[in-house]
Amino acid sequence: MALDKKDVEGIAHLARLAIDEADIDGYAESLSNILGLVDQLNSVDTEGVTPMAHPMHMVQRLRADEVTETNQREHLQEHAPAVERGLFLVPKVIE
Amino acid sequence: MSNDMHSKTIAELATGLRNGEFSSAELTKSYLERINASNEKLNAFITVTDEQAMKQAQAADQRIAAGDTGILTGIPIAHKDIFCTDGVRTSCASKMLDPFIAPYDARVIENFQNDGAVMLGKTNMDEFAMGSSTETSYYGAVKNPWDLKAVPGGSSGCSAAAVAARIAPGATGTDTGGSIRQPAALCGITGLKPTYGRVSRYGMIAFASSLDQAGPMAATAEDCAMMLQVMAGFDKRDSTSSERDVPDYSVDLNRDIAGMKIGLPKEYFGEGLDSDVAKVIEAAIDEYKKLGAEVVEISLPNTHMAVPTYYVVAPAECSSNLSRMDGVRFGYRCEDPKDLEDLYKRSRGEGFGPEVKRRILIGAYALSSGYYDAYYLKAQRVRNLISEDFKKAFEKVDLIMGPTTPSPAFNLGEKSDDPVSMYLADIYTIAVNLAGLPGMSLPAGFVNERPVGLQLIGNYFEESRLLNAGYKFQQVTDWHQKIPGEFA
Amino acid sequence: MAWEVVIGCEIHVQLATQSKIFSGASTAYGAEPNTQACAVDLGLPGVLPVFNKDALAKAVKFGLAIGAEIGMRSVFDRKNYFYPDLPKGYQISQMDYPIVGVGEIDIELEDGTIKRIGITRAHLEEDAGKSLHEDFRGMTGIDLNRAGTPLLEIVSDPDLRSAKEAAAYMRKIHSLVRYLEISDGNMQEGSFRCDANVSVRPVGQEELGTRAEIKNINSFRFVEKAINHEVERQINVIESGGRVVQETRLYDPDKDETRSMRSKEEANDYRYFPDPDLLPVEIDDDYVEAIRKTLPELPDARRQRFESDYSLPEYDAGLLTASREMADYFETVVKQSGAEAKICANWVMGELSAALNRDTIGIDESPVDAENFAGLVKRIADDTISGNTAKKVFEAMWAGEGSADEVIDNKGLKQISDSGALEGIIDEVMNNNAQQVENYRNAEPDKRGKMIGFFMGQVMKATQGKANPGQVTKMLNEKLNG
C-alpha cells in the first residue's frame, strides 16, 4: 500500500500537523514503508477471531458519584500559554 | 564516603543506610556529583532536581534515624521524564512539553515519595517514548555507557544508561513495545515490565494506553523486586489498574528453581538472530539447566506478526493520545498564530519531532474511514491470536526465555534513517506487550564488548517467579556486576 | 408538488449527577470559569478517566422507561476531532455498543390520536466546554467547567412528519427525563438540547431526501418555527432547481432563520475506536432489575390513573401529569383536603397555576406547599369560605401570611351561611330596595336571572362579601319569587 503526497496532506490535516512542503515526499515514503510492514497482517487468517482491545478479560470499574475535586484553577493555569480572567485564550473561533 | 559506593546495589545501599554506615545526604550528594561529571558524555538527564533531592535526603535521614524506614527510604532514584512530577518539568523529551511543569505527581512518583526515596532528576528518553534508541529526543541523543558510539536503546534509554554508568542506583522506565527490556539489554542491566495493570498509569504520559506499563530498572533482579514493591498496586484513578493484591516480591527470591519448566520458542532462535548473540543466550540457558530447570522447545507461531500488529495498534492509540497536545492549555504554543488552524498545525508541527509525527500519521490513517477494519480491527484480531499463543504455551511451561534483542546495540545514527529496520529489532519484546504479560531482561554477556540481554516472560501477575528466576541466575553469574570502564 | 417532511431528533440530556462522568469535579451550574475543571477535565498529560456509576444508572433508567433493549455490554469509543472546547482532542462517546438500544415512546398529536415514535438508541458521552467570543480582542475564551458533564444522547427514528410532531416528541422526552429525575431538563441552562434532522421528499417517494441538521434550538417555542422555516427553505431550494446540501445549520431566533454553520462539521472523519483507557461496561440482570425498581410511575400510566381513579377528564389529567412535581402536588392536595378530585383539579389548574405563571416559578418553588393548599381547598369544599373569598385567602397565603385557617381567622373571612343571619340581611336589602323588588316581580321570567345579581351584590356589600353565595341565591329566589 503506497501513500502519495495528497494522502499525506490529507492525514496531516486530520491530525492538525504542519509539515514542510519539502518533507512531504519523505513522509510519504516512510509511511508507505511502514504500511508495507503492516500489510503483512493480511497473510493471517482471522476469520471468527474477536478483536482484543485489552489483555485479559477486564471490565470497567464504577466510581461513586461524589465531588472529590476542589477548585485548583490558579495552580492548573499557572503555566498555560494564554489565560485571561480564568479563561484559556485561543485565536477567535468563528461559528 | 568511599569511592565504590556507586557499585553497590540498592539492596546493599539500603542495608548501609539502615546500619548508619552512611547517610542518604552523603549518598545523594555522591550521585549528584557523578551525574554532573557524566552528563556531557552521556546526556542522560534532562532535569536534575538537586535541591529537592538534598531536601528529600535529609528528610529520609530523619526517618531512618527514627526507625521509620520503608523499602527505599533514602535511596536515590532517577525517573524517566514521562512521569508527571509536581512542580518539576516533565518533558517526555519533546519540544512540545519543554515548557510543561507538571501540576501533580504521577501515582508512581507518589509511591516513591511516600516510601522516602530520593528523586535525582528526570531522565532523557525517546520523544514521547517512541523509539528504540533514544535518538529522537529533543534534548539530543544519549550514549551507551559501554560504548559511546552506540545507542543505549530506547525509549527508556537514559534510565538504562544512568544505571549502567552507576550514576543512579535505580531508575524508572516505561515499556510499550520493549522500552524497558531492550535498553536494559543493550546497557547490561536488569529491567522488568510488569503485567498490564500491575502499576498505575495515572500521571504517566500515555503513548499506547493498552500497552504501556511502568517498571523498575536497576543492576539486579533483587533491586528490581524492591522497586517493584514500591511501584505496584491498585489506583482507583486508573480504570485499567488491577485490584489484585501485591505480593511480597522479595520473600521468594531465593526459592530453588529445580524443576521449573522453561520454554524456548523456536521462532526466537531462527533467522534474524545474530549468531554471537545466540551463543550468549545458549550459555545463559545452560546456567538454568545447571540450576535444575527443565528446558522445552515451544512454538509461538504468530511471532512474526507481532511487529506489524504493534505498528498499527500503538500508533493508532498514540495518534489519539497526543491530540491533547495542542498549544491551548499547556505546553508549547507557536508564535503569533493567525487563526485556530494555524495554532494547532504549527504548535504541533513545530513541537513534535519526525518520528512522533510519523506515528501520529500512521495511527490516524489506520483509524480513518475505510481503513479501520482493514488495519485497526485486523490488528486487534491478530493481537488476540498472539495472546492465545502465549496462553497455550503457559499450559506447558512456567517461563519462556529467549534473547531480548536480535543483536547488540547498533551505532548512533545507523538506523535513524530507516524506521522499519529499527522497528524489526523489537521482534522479541513486542508480543509481550500485546499480550499484557510480564517480561524481564537480565544481563547475560557481551558481543563485541556490547552487552546482550536474556529475556524472561512470565504468565499474568507472576512477577515473583520472574524475579526468582532472575535472582537465581545472578547468584551463579556476574554479568550484573559489570560496570563500563569509563564509569567504574 | 406535494411534499412530505421527515424529521428525526437528537436530544442531548445532561444527567443530573453530582460529579462528572469521568472525573470527580462538580457539575453544578454557574461557577466561575474553570473552577470546576480538574486535571482530568482539562485533559492534562497523564490523566485518566474513571466512570461514574450514577451516570450508568440514570442511562439504564431511561432505557427501561422507553422499553428499550439495555446494552448489557457497552463500550466507550473516542470520537476524534479538534476544537478548543474539546480538551483531549477527542470526545469519549459510545458508537457500536451503546448502553441503550431500540426503544419507543408515544406522543399525542393535536387531534388527540397517539403516535408511536421509535427511538434508535441512547448513549452516554461527555459534554464539551464552552467558548466565549466577546471581550477578548480577537481571541476566544475557553471555559472547561462543562467539559466532562455526563450526557445521554437520545436518537429518534426519522418517524416525525411535522414540526408539531417534533415539538410534541421533544416535550414528551423532556417530561420523561424530569419524571425519572435523571435530568433537570433546564433548556436555558443547556441541560436539554435538541437538534433536528430535517429533510423533505415528494409524497409517495420512499427514498429519504438529503437532510440538514438544525442546532441551537433552545426553547420549545423555537422548535416549530425553526423546523418550519427549514422545511420552507429546502422546498424553495429544490423547486428552484437546486439540491439540498447535507450540513449543519444554526437557528437564529432573532431573525427567524437558519444559517449554515462554518466549517466545524466539514466532512469530519472522527476515526472512532474503543477508548483504551476505559474497559467495556458489563452489567447483569440483577443490576437492571434493581434499576427497574427505582422507576417511578411513568407519565402515561399516571395520566390514565388520574382519569380512572379521580374521574378526571382527559384534559385535566394531562395538565396535572405534565410534570411529576405537579402530579405529586395534586395528589397530596386530594388526599389531605378530603375534597372531590375535580375541585382540587380546578383550583390547582386555576389559581395556583396562574400564580406560578405570573411569578414565573415552578411548582416546586411555590410559596404555598401542597399541604397548605390542601388546607385551603378543604375550606372551600366544606363551605367555610366562598370561591371568591378563597381567591383572597390564597393571595394572602401566597404572600406568606400563614395557613388557610390562619388567614381566614385573622381576617374574619368565614362565610356567613347561617340562614338565620342571612335572612335578616336579605330582608333588609329587599326592604331598602322595594322598587327593584317590584321591577323584578314584574319582569319576564327569562330576564329575572340577570336582575337577581343586583340583590346579590347588595347582600354581598352588606356582608363584606362573606355571604355564602349559594345560600343567598337560594333564599333570594324563594323570597323574590315568593
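From a predicted model like this one, the values you see are computed outputs, not experimental measurements. (Residues numbered from 1 in each chain as written. Chains lettered and ligands numbered in written order. Predicted model: local features only at pLDDT ≥ 70, side-chain atom pairs only at ≥ 80, totals over all residues. Heavy atoms only, no water.)

A. Quick look at the overall build of chain B. Per the secondary structure count, chain B includes 15 helices and 11 strands. Relative to the compact-globule value of 23 Å for 488 residues, chain B shows a C-alpha radius of gyration of 21 Å, a close match. C-alpha extents for chain B along the principal axes are approximately 65 × 55 × 45 Å. A burial count over chain B gives 69% of its 488 residues as buried. Intrachain contacts of chain B at a sequence separation of at least 6 include 76% that bridge at least 24 residues. Accessible area of chain B: about 14,700 Å², with a carbon and sulfur share of 45%. In chain B, the 49 positive side-chain charges and the 63 negative ones have mean positions that sit 3 Å from each other. (Helix = DSSP H or I, 4+ residues; strand = E, 2+ residues; numbered from the N terminus. Rg over C-alpha atoms; globule rule 2.2 N^0.38 Å. Buried < 20%, exposed > 50% of the residue type's maximum accessible area, 1.4 Å probe, protein only. Contact = heavy atoms within 4.5 Å. Areas by Shrake-Rupley, 256 points an atom, 1.4 Å probe, with all protein chains shown as cover. Lys, Arg positive; Asp, Glu negative; His and termini not counted. Charge placed at Lys NZ, Arg CZ, Asp CG, Glu CD.)

B. Up close: the sheet that holds strand E3 (residues 87-91) of chain A. In space, the 4 strands of this open sheet follow the order E2(A)-E3(A)-E9(C)-E8(C), with antiparallel pairing throughout. In this open sheet, the two strands that pair with only one neighbour each are strand E2 (83-84) of chain A together with strand E8 (130-132) of chain C. Direction of pairing for E2 of chain A relative to E3 of chain A: antiparallel, over a ladder of 2 bridges. Residue pairing for E3 of chain A: Val83 of chain A is matched across the bridge by Phe88 of chain A. (Pairing = 2+ DSSP bridges.)

C. Up close: the pairing of E3 of chain A. Among the 5 residues in E3 of chain A, 5 count as buried, and that is most of the element. Bridge count between E3 of chain A and strand E9 (residues 139-143) of chain C: 4 bridges; the pairing is antiparallel. Among the inter-strand pairings, Val90 of chain A is bridged to a residue of E9 of chain C, identified as Thr140 of chain C.

D. Seen up close, helix H4 (residues 220-239) of chain C. For H4 of chain C, spanning 20 residues, the distance from its first C-alpha to its last is 29 Å, which sits close to the expected 28 Å at 1.5 Å a residue. Of the surrounding secondary structure, the elements contacted by the buried residues of H4 of chain C are strand E1 (3-14), helix H3 (163-179), strand E11 (192-202), strand E12 (212-217), strand E13 (248-252) and strand E14 (257-260) of chain C. (Expected span 1.5 Å × (residues − 1).)

E. Inspection of the packing of aromatic side chains at higher detail. Applying the stated rule across the entire model yields 31 aromatic pairs over all chains. Seen in terms of ring centroids, Phe222 of chain C and Tyr251 of chain C are 5.8 Å apart; in terms of plane orientation they differ by 50°. Their pairing is tilted. Remark: Tyr251 of chain C occurs in strand E13 and Phe222 of chain C occurs in helix H4; sequence separation between them is 29 residues. Of the two residues examined, Phe222 of chain C and Tyr251 of chain C, each falls in the buried class. Taken together, the aromatic side chains of Tyr329, Phe373, Phe394 and Trp398 of chain C make up a single cluster linked through ring pairs. Lying across the ring of Phe487 of chain B, Lys41 of chain B places its NZ or CZ 5.5 Å from the centre. Of note, Lys79 of chain C hangs over the ring of Tyr270 of chain C, and the distance from its end group to the ring centre comes to 4.4 Å. (Phe/Tyr/Trp six-rings, centres within 6.5 Å; stacked < 30°, edge-to-face > 60°. Lys NZ or Arg CZ within 6 Å of the ring centre and 35° of its normal.)

F. Highlighting the interface of chain C and chain A. On the side of chain A, 34 residues touch chain C, which itself brings 52 residues to the contact. Buried area between chain C and chain A, both sides added, is near 4,000 Å², and the carbon and sulfur share of it is 59%. When residues of chain C are sorted by the area they lose upon contact with chain A, Phe82, Phe136 and Leu279 of chain C head the list and together hold 14% of the total. Its salt-bridge partner being Arg137 of chain C, residue Glu84 of chain A comes within 3.1 Å of it at the nearest N-O pair. Where chain C touches chain A, the interface holds 23 residue pairs in polar contact (both at pLDDT 80 or more). For the side of chain C that touches chain A, the element with the highest residue contribution is E9 of chain C, accounting for 5 residues. Looking at side-chain class alone, the side of chain C that touches chain A contains 26 nonpolar, 13 polar and 13 charged residues. (Buried area = accessible area lost by both parts, 1.4 Å probe. Salt bridge = Lys/Arg side-chain N within 4 Å of Asp/Glu carboxyl O. Polar contact = N/O pair within 3.5 Å; in protein donor to acceptor, adjacent residues only side chain to side chain. Nonpolar A, V, L, I, M, F, W, Y, C, P; charged D, E, K, R; others polar.)

G. Focus on the state of the cysteines. Overall, the coordinates contain 0 disulfides over all chains when judged by the stated rule. With no disulfide of its own, Cys158 of chain B lies closest to Cys187 of chain B among cysteine sulfurs, the gap being 8.7 Å. As a non-bridged cysteine, Cys194 of chain C has Cys9 of chain C as the owner of its nearest cysteine sulfur, 6.7 Å distant. (Disulfide = S-S within 2.5 Å.)

H. Representation of the interface of chain A and chain B in the model. Across the contact, 48 residues belong to chain A and 68 residues belong to chain B. Taking both sides of the interface into account, the surface hidden between chain A and chain B amounts to around 5,000 Å²; carbon and sulfur atoms contribute 71%. The largest per-residue losses of area from chain A upon contact with chain B belong to Leu41, Met52 and Arg61 of chain A, which jointly make up 14% of the total buried on that side. With a closest N to O distance of 3.7 Å, Glu243 of chain B and Arg61 of chain A form a salt bridge. Here chain A is connected to chain B by 17 residue pairs in polar contact (both at pLDDT 80 or more). Looking at the side of chain A that touches chain B, its residues break down into 32 nonpolar, 12 polar and 4 charged.

I. Region of interest: the sheet that holds strand E4 (residues 77-80) of chain C. Spatially, the 3 strands line up as an open sheet ordered E5-E4-E15 (chain C), and their pairing is antiparallel. In this open sheet, the two strands that pair with only one neighbour each are strand E5 (90-93) and strand E15 (273-274) of chain C. Examined bridge by bridge, E4 of chain C and E15 of chain C share 2 bridges and lie antiparallel to one another. Opposite Arg78 of chain C, over in E15 of chain C, you have Phe273 of chain C as the bridge partner. Across the sheet, helix H9 (residues 306-321) of chain B is in contact with E4, E5 and E15 of chain C; its angle to E4 of chain C comes to roughly 60°. (Axes fitted to C-alpha atoms, helices over the stretch in contact; angles between N-to-C directions.)

J. Region of the structure containing the confidence of the model for chain A. The predicted model of chain A averages 92 in pLDDT, with 97% of residues at 70 or higher. The spread of mean pLDDT over the elements of chain A runs between helix H2 (residues 21-38) of chain A, the lowest at 92, and strand E1 (residues 62-63) of chain A, the highest at 97. (pLDDT = per-residue confidence, 0-100.)

K. Geometry of the nonpolar core. Of all hydrophobic cores here, the largest spans 202 residues; its most connected members are Phe128, Tyr288, Phe390, Leu454 and Leu456 of chain B. When neighbours within four sequence positions are excluded, Phe128 of chain B is seen to be in contact with Cys92, Ser94, Met96, Leu97, Ile205, Phe207, Leu322, Met325, Phe352 and Val356 of chain B. Counting 67 residues, the second-largest nonpolar core is a separate cluster that includes Ala166, Ala168, Phe222 and Ile283 of chain C. (Core = buried A, V, L, I, M, F, W, Y, C linked by side-chain atoms within 4.5 Å.)

L. Structural context of the environment of Arg89 of chain B. All names here are of chain B. You can see Arg89 is positioned in the loop between strand E2 (76-80) and helix H4 (107-115). When the C-alpha atoms of Arg89 and Arg198 are compared, they prove to be 26 Å apart, with 109 residues separating the residues in sequence. Apart from residues no more than four positions distant in its own chain, Arg89 is found in contact with Ile46, Thr47, Asp81, Leu97, Asp98, Phe100, Ile101, Lys122 and Tyr139. Here the side chain of Arg89 touches Ile46 through a polar contact of 3.1 Å, landing on its backbone oxygen. Of the polar contacts made by the side chain of Arg89, one reaches the side chain of Asp98; its length is 3.1 Å.

M. Here's a closer look at the pattern of salt bridges. Residues and elements named next belong to chain B. Summed over all chains, the structure comprises 71 salt bridges over all chains. We note a salt bridge from Lys345 to Glu341, for which the minimum N-O separation is 3.5 Å. Of this pair, Lys345 and Glu341 both sit in helix H10 (residues 340-351), separated by 4 residues, roughly a single helical turn. You can call Glu341 partly exposed: its relative accessible area is 30%.

N. Quick look at unusual backbone geometry. Residue and element names in this part refer to chain B. For the peptide bond that leads from Gly154 to Ser155, omega is 5°, which places it in the cis range. Along the chain, Ser155 falls in the loop between strand E3 (118-123) and helix H5 (157-164). Residue Arg166 is not a glycine yet carries a positive backbone phi of 55°. Within the element layout of this structure, Arg166 appears in the loop between H5 and strand E4 (170-175). For Arg166, a relative accessible area of 4% gives the class buried.

O. Structural view of the packing of helix H1 (residues 10-18) of chain B against helix H7 (residues 221-231) of chain B. Residues and elements named next belong to chain B. In contact at an axis separation of 8 Å, H1 and H7 are set at 65° when each is read in the N-to-C sense. The orientation of H1 with respect to H7, classified from their angle, is roughly perpendicular. Note on element contacts: H7 touches H1 through Glu222, Asp223, Met226 and Met227, opposite Ile10, Ala11 and Ala14. (Parallel < 35°, antiparallel > 145°, perpendicular 65-115°, else oblique.)

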